[in-house]
Amino acid sequence: MSRTVITFGTFDVFHVGHLRVLERAAALGDHLVVGVSADALNLRKKGRTPVFSERERIEIVSALRVVDEVFVEESLELKRDYVLEHAADVLVMGDDWAGRFDELSDVCEVVYLPRTPAISTTAIIEHIADL
Ligand code: CTP
């Protein structure tokens, strides 16, 4: 039977850490679904809108060979609904969230993948701003 994997992120200023987590998530199943966080959600949670709009971020993530399906994540609190809606067998999150989604293990397997060291959207933005 086909195994669906779901993961979430902003994927702003797309970098190799993003690519690797999506490749590793895809390798855990047959069908990879990605929730790309809404601009409004980022504004609410991080106090700023992403460099690239949700439409642009979705366009980039959708173009990846390992990604099968993309949707807009409107709220961080709806993970359970998204998992059920997409009939996901596995939820993948970066290990910066380790333990935080264990409560969903009644509906899917929850896997935390280690982040790629020394790279993040925030660090890239700060690096460019410092030039
Ligand atoms: N990710 C990763 N390795 C990195 C950066 C991100 O594996 N070096 C993963 C995160 O764990 C998450 C996904 O990529 O599963 C999307 O993360 P996101 O928050 O969009 O990227 P960051 O670069 O962490 O962004 P920011 O600096 O704004 O927090």
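Our subject is the structure that appears above.
In this text, all values refer to a predicted model and were calculated from it rather than measured experimentally.

1. Overview of the overall build of the protein chain
Check the secondary structure of the protein chain and you find 5 helices and 5 strands. The linear arrangement of helices and strands in the protein chain, starting from the amino end, is β-α-β-α-α-β-α-β-β-α. Taking 131 residues into account, the globule formula puts the C-alpha radius of gyration at 14 Å, and the protein chain, at 14 Å, falls close to it. Principal axes of the C-alpha set define a box for the protein chain whose edges measure 50 × 30 × 25 Å. Working note: accessible area of the protein chain is about 7,400 Å², and carbon and sulfur atoms make up 54% of it. Of the charged side chains in the protein chain, 14 are positive and 23 negative; the average position of the first set lies 4 Å away from that of the second.

2. As for the site of the ligand
Taken together, 16 residues lie around the ligand, and H15, T116, I119, T121 and T122 are the ones closest in. In the model, an oxygen atom of the ligand is placed 2.8 Å from a nitrogen or oxygen of the H18 side chain. When the free accessible area of the ligand is taken as 580 Å², the share hidden by the protein chains comes to 89%. With respect to the detected pockets, the ligand is housed in the largest pocket. Listed by contribution, the elements that provide at least two residues to the shell around the ligand are α1 (16-26) and α5 (121-130). At 3 residues, α1 tops the list of elements feeding residues into the shell around the ligand. For the shell around the ligand, a count of residues per class yields 3 nonpolar, 10 polar and 3 charged.

3. As for the side chain of S75
Structurally, the position occupied by S75 is in the loop between β3 (69-73) and α4 (79-85). Separated by 3.1 Å, the side chain of S75 and the backbone nitrogen of E77 make a polar contact. In contact with S75, not counting residues within four places along its chain, are L41, R44 and Y82.

4. A look at the side chain of E73
Within the secondary structure, E73 is located in strand β3. Within the structure, E73 has its side chain in polar contact with the side chain of K79 (distance 2.7 Å). When near neighbours in sequence (up to four residues on either side) are disregarded, E73 contacts F8, G9, G35, V36, S37, A38, L41, K79 and Y82.

What counts and what doesn't
- Residues numbered from 1 in each chain as written.
- Predicted model: local features only at pLDDT ≥ 70, side-chain atom pairs only at ≥ 80, totals over all residues.
- Heavy atoms only, no water.
- Helix = DSSP H or I, 4+ residues; strand = E, 2+ residues; numbered from the N terminus.
- Rg over C-alpha atoms; globule rule 2.2 N^0.38 Å.
- Areas by Shrake-Rupley, 256 points an atom, 1.4 Å probe, with all protein chains shown as cover.
- Lys, Arg positive; Asp, Glu negative; His and termini not counted.
- Charge placed at Lys NZ, Arg CZ, Asp CG, Glu CD.
- Near = heavy atom within 4 Å.
- Polar contact = N/O pair within 3.5 Å; in protein donor to acceptor, adjacent residues only side chain to side chain.
- 1 Å grid on protein atoms, 1.4 Å probe; cavity = no way out; pocket = protein on both sides within 12 Å on 5 of 7 lines; lining within 4 Å.
- Sits in = over half its atoms within 2 Å of the grid points.
- Nonpolar A, V, L, I, M, F, W, Y, C, P; charged D, E, K, R; others polar.
- Contact = heavy atoms within 4.5 Å.

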